[in-house]
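# A closer look at the structure
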Amino acid sequence: MKKRAYAIVAAFCLATSAIATTAAVTSFSQTASAADVVNEKLGDPIVVYGGSLSESEKQTVKNSLGITNSVQEVTVTGSDIAKYISGGNASARLFSSAKITPEDKGYGIVVDIKTPSNITQVTADMYSNAMLTAGITDAKVEVAAPKPVTGHSALAGIYKAYEVTTGEKLDTERTDVANQELDVATDLAQKAGVDEDKVSKLLTEIKQQIADQKPATKEEVAQIVDDKLKDLKISLSDEDRQLLIDLMNKISNLDINFNQWSNQLSDLGSKLSDSISGLKESVDNNTGFWDKVVNWFKNLFGLNDDEESTTK
């Protein structure tokens, strides 16, 4: 009985996999068809390739980003790093690449990392936060790399692509601060050991408070930082806390339309809250989805009873 039950379970899993694969292929086909439609109002997407990519690596990135239709293509170089980032290394080796699709006003920023195992430090929400600081709005951004990299150079590529696509010039002071924000975010996650989602939520909520309260002094900024660290139960060293305060003080002094910025940050904050709540709910449930499937079949065929009887 037990062997027969396992055989049925195995057959079911194979059938489920086949159905899922068929559905995935159908979904991909539909998605690809939609992607091939040219947006005549906003123009073609633009792809920015890291300047250090070999031809084979570039093809790998193209595949990861699903480049099959008409796109503009540019390359981000060390000189671009120096342009957008104060003190940036013009001889840096750049591999992370990005595809930017402009969207209608109100779309917000949606970031999708296509090769998550190869972007080792920067999360999608960290990119979103930094892009808002830099002044980028209403775009879909897809990031990829052919091998493990930190992902920092993709941000400079996103800046370059945004300027080429929209014809607008980004404020270099804002892009510089945005890059500092990305550095602080990855440091808090990698060195201070703060959960990546919590890091993004912390930065978003501090910036939201800065937008709402418009602090006039660095001391007021420090109070906002301390309040949010306490709210989110995050403990930092004195050095990391000061880095965060210094960053947020720079952000508070940027030439930003804080009323408009507040709405954008509110949308991002809601997304992060949902993400953290979903993660907590998943952890609080003692078993994951497939554990529940297995247990359901065990109960159906009485396998739990068989196992209990053998341990008595």
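Just so you know, these numbers come straight off a predicted model, no measurement behind them.

### A few points about the pairing of strand β5 (residues 139-144)
Taking burial as the measure, the six residues of β5 include five buried ones, the bulk of the element. Strand direction decides the pairing type here: strand β3 (residues 97-102) and β5, joined by six bridges, are antiparallel. In the sheet register, Lys-99 faces β5, and the bridge partner there is Glu-142. The sheet contact formed by strand β4 (residues 109-113) and β5 spans five bridges and is parallel. Bridged to Val-110 within β5 is Lys-140. One crossover worth recording links β4 to the parallel β5 by way of helix α4 (residues 124-134), and it is left-handed.

### A closer look at the pattern of salt bridges
Taken as a whole, this structure holds 14 salt bridges when the rule is applied. A salt bridge links Glu-57 to Lys-147, with the nearest nitrogen and oxygen atoms 3.4 Å apart. Taken as a pair, Glu-57 in helix α2 (residues 55-65) and Lys-147 in the loop between β5 and α5 (153-166) lie far apart in primary sequence, 90 residues in all. Between Lys-228 and Glu-205 there is a salt bridge whose closest N-O contact spans 3.3 Å. Of this pair, Lys-228 sits in helix α8 (residues 218-231) while Glu-205 sits in helix α7 (residues 196-213), and the two are 23 residues apart along the sequence. Given the relative accessible area of 13%, Lys-228 is considered buried. Each of Lys-201, Glu-205, Lys-228 and Asp-231 takes part in one network of salt bridges that share partners.

### Some thoughts on the pairing of strand β2 (residues 72-76)
As paired strands, strand β1 (residues 46-50) and β2 are joined by five bridges and run parallel to one another. Note that in β2 the partner of Ile-46 across the bridge is Gln-72. Viewed along the sheet, the connection from β1 through α2 into β2 turns out right-handed.

### Brief notes about the sheet that holds β2
Across the sheet, which stays open at both edges, the five strands sit in the order β2-β1-β3-β5-β4 with mixed pairing between neighbours. At either end of the open sheet lies a strand with only one pairing partner, and these are β2 and β4. On average, adjacent strands in this sheet sit at an angle of 20° to one another, irrespective of strand direction. As paired strands, β1 and β3 are joined by three bridges and run antiparallel to one another. Directly across from Val-48, in β3, lies its bridge partner Ala-98. Across the sheet, α2 is in contact with β1, β2, β3 and β5; its angle to β5 comes to roughly 135°. Each of β4 and β5 touches α4; the most contacted strand, β4, lies at about 145° to it.

### Observations regarding the packing of α8 against helix α9 (residues 238-252)
Orientation of α8 relative to α9, taken along the N-to-C sense of each, is 125°, at an axis distance of 9 Å. Between α8 and α9, the angle falls in the class oblique. When the axes of α8 and α9 are compared, the crossing they make is right-handed. Residue-level inspection shows Lys-218, Val-221, Ala-222, Val-225, Asp-226 and Leu-229 of α8 in contact with α9, the latter providing Arg-241, Gln-242, Leu-244, Ile-245, Asp-246, Met-248, Asn-249 and Ser-252. Residue composition of the contact of α8 with α9, grouped by class: seven nonpolar, three polar and four charged.

### Comments concerning the packing of aromatic side chains
For any pair of aromatic rings, the description consists of the separation of the ring centres together with the inter-plane angle of the planes. Enumeration according to the criterion identifies one aromatic pair in this entry. Sitting over the ring of Phe-95, Lys-147 keeps its end group 4.1 Å from the ring centre.

### Describing the confidence of the model for the protein
Here the protein averages 78 in pLDDT, while 69% of its residues score no lower than 70. Across the protein, element-level confidence peaks in α8 with a mean pLDDT of 97 and bottoms out in helix α12 (residues 303-311) with 35. Predicted confidence is poor over residues 2-35, with pLDDT under 50, and the contacts of this stretch with residues over four places away or in other chains come to eleven contacts.

### A few points about the environment of Tyr-127
Along the chain, Tyr-127 turns up in helix α4. Classification of Tyr-127 as buried rests on a relative accessible area of 0%. Residues Tyr-127 and Val-110 lie 17 residues apart in sequence; the distance between their C-alpha atoms is 9.5 Å. Apart from residues no more than four positions distant in its own chain, Tyr-127 is found in contact with Val-111, Ile-113, Ile-119, Val-122, Val-143, Gly-151, Ala-154, Leu-155, Ile-158 and Leu-182.

Criteria and cut-off values
Residues numbered from 1 in each chain as written. Predicted model: local features only at pLDDT ≥ 70, side-chain atom pairs only at ≥ 80, totals over all residues. Heavy atoms only, no water. Buried < 20%, exposed > 50% of the residue type's maximum accessible area, 1.4 Å probe, protein only. Helix = DSSP H or I, 4+ residues; strand = E, 2+ residues; numbered from the N terminus. Pairing = 2+ DSSP bridges. Right-handed = clockwise from strand over helix to strand, strands pointing away. Salt bridge = Lys/Arg side-chain N within 4 Å of Asp/Glu carboxyl O. Axes fitted to C-alpha atoms, helices over the stretch in contact; angles between N-to-C directions. Contact = heavy atoms within 4.5 Å. Parallel < 35°, antiparallel > 145°, perpendicular 65-115°, else oblique. Left-handed = near helix turned anticlockwise from the far one by under 90°. Nonpolar A, V, L, I, M, F, W, Y, C, P; charged D, E, K, R; others polar. Phe/Tyr/Trp six-rings, centres within 6.5 Å; stacked < 30°, edge-to-face > 60°. Lys NZ or Arg CZ within 6 Å of the ring centre and 35° of its normal. pLDDT = per-residue confidence, 0-100.

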